[in-house]
Each structure stands twice: as structure tokens, then as C-alpha cells.
2 protein chains.
Amino acid sequence: MGKGLPPSGGRLVAEFARLPGLGPRSAQRLAFHVMKAPPERAHALAEALVEVKEKLRPCAECFGFAEEELCPICSDPRRDPRILCAVEEPSAVIPIERTSEFNGRYHVLGGALSPIDGIDPDDLRFDELIRRVERDGVREVIIATNPTMPGEATAHYLADLVGDRARVTRLASGLPVGADLEHTDELTLGRALLGRRDI
Amino acid sequence: MGKGLPPSGGRLVAEFARLPGLGPRSAQRLAFHVMKAPPERAHALAEALVEVKEKLRPCAECFGFAEEELCPICSDPRRDPRILCAVEEPSAVIPIERTSEFNGRYHVLGGALSPIDGIDPDDLRFDELIRRVERDGVREVIIATNPTMPGEATAHYLADLVGDRARVTRLASGLPVGADLEHTDELTLGRALLGRRDI
């Protein structure tokens, strides 16, 4: 990995290469950048790494990342506690927040149902979701699991579970904005047809 | 950058995004990976970052990265001190080592001549190279600067400077013009080494 490098340099290359999506060349490029950069830059990244592991814990309400008992969204009184958006992972919160179209709160399920991978309903935070729905008088649960087999299975399971307590909706499936019809796969196009709306 | 994330998570995204070649999405992906991973993984990367800044310093001979006074290559008695390979940056040593075609030592110039960027001969380690050539009775200086305008200018300048003291060669052409040494595959680079010519 670090042929021609002193041991500490080789270790940094190896540590970068453990991160997902970074091949050996990218890891090497990043390591050399750090080796050449002022120490403050390396220390700032090192501190940020240590800090997230020290400070972050699961939010007691939504199970997203929090520094206090509640995450910034669950502790924000302007966010409507009666609309919940159920996501697989905490990372899914970011793109939804970026849309500025959602003013409710989140519920991180912790994955998606996948019997083949041994992920059963007991492994996901369904009970906690039901408790929130009942306690807060939740009106709507928006299911924002991924449009994949496990994500769809989870959506259907959740719809059955919550359906008699609150409205259950699913993110629309269809053509991405800016897409080209000719290059859209038939599954997506089929969904777009089924989900067509009056204009 | 970290909308929907607690402050420490946002800082980690921001620190990753400062690394070269990582856009905001990649930075976010890496940060979430770290946030979900066991603390040991984050700490190992943090320690490796701190360690390189603590341990690495310029080799007293070649100006590559070293932990002792000399880098592993300059302190290796099996490496021929009478053949020097002049490179722009320490990172160029890695791909050349990977070819296994070179058994001499290196000299890191610290960049390439580029008057437009204000990089003059005084800014590069030419004097130090001449001293090594004279002291060690160097037979050959292989110029392995990048095949770019500044790299070529540096090669010609160096050939004039060293030409009456030792044989001066340049990596064979075959490297695509404008390419970057660090991203050249080892076969091409090995060929270029074997086919080096006098200039």
C-alpha cells in the first residue's frame, strides 16, 4: 500500500483506504495532501473524527444523530410532531431536509426488511414508531424508505401496521426531474405511468 | 453543508469536504460512515492523521518524507547512491517504486519551474542536487518531472546545470502529454524508465 513511504505515511494511506468508495489511489492522494498540508488541517479533521464519536448518540425520539437527548429537529418546536417521515438510515434525513418541503419530524427505522439478510420486523424500530403515533396523535406517516425491494417491503409492512391509526403515504415514484424518457428504465417509467396525475 | 445534522456531524462533513477531490456528497457519505462505524475506526484514522504530522519531516538527503533523519530509501544501503531520480513532489516516488525498475535514490525538487506562478530556480532544490552529485560521484540523474510545460522546463534547466557533471536522462516519451505521474499505470511508467534517453 505505502511502498516507498515511511510507516506512519503508509498507515495513513491504509486508514483512508478503509473508508467506503476510496480506492488505493484516492487514499494515497488524500494522504499526500495531508502530509503536505499545515498540521492544523490534519488536526482539525482528527478532532472532528474524535468529536463525532464522543458527542453523537441516537436521538431518544427519532433515533437520528443527536448531541443532546434530542436531535436538533426533534427539539425544534416549529417542527410538526404530528407528521412523521420514516426513513431507513439517519443519512436519509439530509436530502429530505435539503428539499425544504418537509416540516414534520423523522423516525429512523434502522434499515429495511430483508429476510434474506436476516432483517426481520423485530430488528427495526416499528414499536417505537407506533408509540410516537399513539402518544402524539400523529396524522400522517410519510414512508421514505428507498425504492428497492427491501424498502418497498418495509413500506407495505408499515402501511399495514400504522394504517388504522394514521394516514400512511409513500414518496412518489417516477421520472427524476431533468430525466430523459429514452434513458429511463422501464420499471421507473411504469411507476411514473401508474402514478400519473391530472394537470 | 450539514443541514439536519448536529454541529459535530456538520463539522466532520466540512472537514472531509476540505480534502481535495471530495465534493459535498462524498464528504457527507464518508462522515455518515464514520458516524455509524465503531469508535475504534474513527480513532485509528484520527491517530494516523496526528501521527503523520508528528513524525514526518523532510529527509535530510532527498527531501522526501522521513521519520528519521533519512527516509527509508536514503538509509537503505542496497539503493545505489550514484543514480538519482529527480522528481517534483514526494508523491511521485510511490509510482516509481511500484514499477520495481529503479534501484537508485531520489531527489525531491519541491515543484517545477513556472515563471508565471513565480517559481524560479531559487525555489527548487537544485543546489542540494548539485551537492549530492559532486559528493557522491553520481553517474546519472534521471529527470522524472511531469511531462507538462513546467516539468519540461525544469528538465531542460536541470540538464544544463548537471550535464557536465553526470549523465542526464529523462523518462522516455510515451507518457501522454499533460498527464500526471501519480495517475500513470506502472507498466507505462516502467517502460518510460527503461527507455530513458540522454538530453
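This structure is a prediction, so every number in the text was calculated from the model and none was measured. (Residues numbered from 1 in each chain as written. Chains lettered and ligands numbered in written order. Predicted model: local features only at pLDDT ≥ 70, side-chain atom pairs only at ≥ 80, totals over all residues. Heavy atoms only, no water.)

Before going further, it helps to spend a moment on unusual backbone geometry. The residue Ser-100 of chain A is not glycine, and still its phi comes out positive at about 60°. For Ser-100 of chain A, a relative accessible area of 53% gives the class exposed. Positive phi outside glycine occurs at Phe-63 of chain B, with the angle close to 70°. Mapped onto the secondary structure, Phe-63 of chain B falls in the loop between β1 (57-58) and β2 (65-66). (Buried < 20%, exposed > 50% of the residue type's maximum accessible area, 1.4 Å probe, protein only. Helix = DSSP H or I, 4+ residues; strand = E, 2+ residues; numbered from the N terminus.)

Before going further, it helps to examine the pattern of salt bridges. Residues and elements named next belong to chain A. If you walk through the whole model with that rule in mind, you get 30 salt bridges over all chains. Between Arg-165 and Asp-164 there is a salt bridge; the shortest N-O distance is 3.9 Å. The network of salt bridges with shared partners includes Glu-61, Arg-132, Arg-135 and Asp-136. (Salt bridge = Lys/Arg side-chain N within 4 Å of Asp/Glu carboxyl O.)

Another point: the interface of chain A and chain B. Listed by partner, the interface residues are 55 residues for chain A and 59 residues for chain B. Carbon and sulfur atoms make up 65% of the area that chain A and chain B hide from each other, which totals about 5,400 Å². Considering only the side of chain A, the residues that lose the most area to chain B are Arg-25, Leu-49 and Lys-53 of chain A, jointly responsible for 13% of the buried surface there. The interface formed by chain A and chain B holds six salt bridges in total. Of the charged contacts in the structure, one is a salt bridge between Arg-41 of chain A and Glu-15 of chain B, with a shortest N-O distance of 2.6 Å. At the boundary of chain A with chain B, the tally comes to 18 residue pairs in polar contact (both at pLDDT 80 or more). Only α1 (7-17), α2 (24-36), α3 (39-55), β2 (65-66) and α4 (93-99) of chain A provide two or more residues apiece to the side of chain A that touches chain B. Considering every element that reaches the side of chain A that touches chain B, the biggest residue donor is α3 of chain A, with 14 residues. (Contact = heavy atoms within 4.5 Å. Buried area = accessible area lost by both parts, 1.4 Å probe. Polar contact = N/O pair within 3.5 Å; in protein donor to acceptor, adjacent residues only side chain to side chain.)

Here we come to the domain arrangement of chain A. By domain assignment, chain A separates into domain 1 (7-55) and domain 2 (79-170). A straight line from the C-alpha centre of domain 1 of chain A to that of domain 2 of chain A covers 35 Å. (Domains from an automatic or database assignment.)

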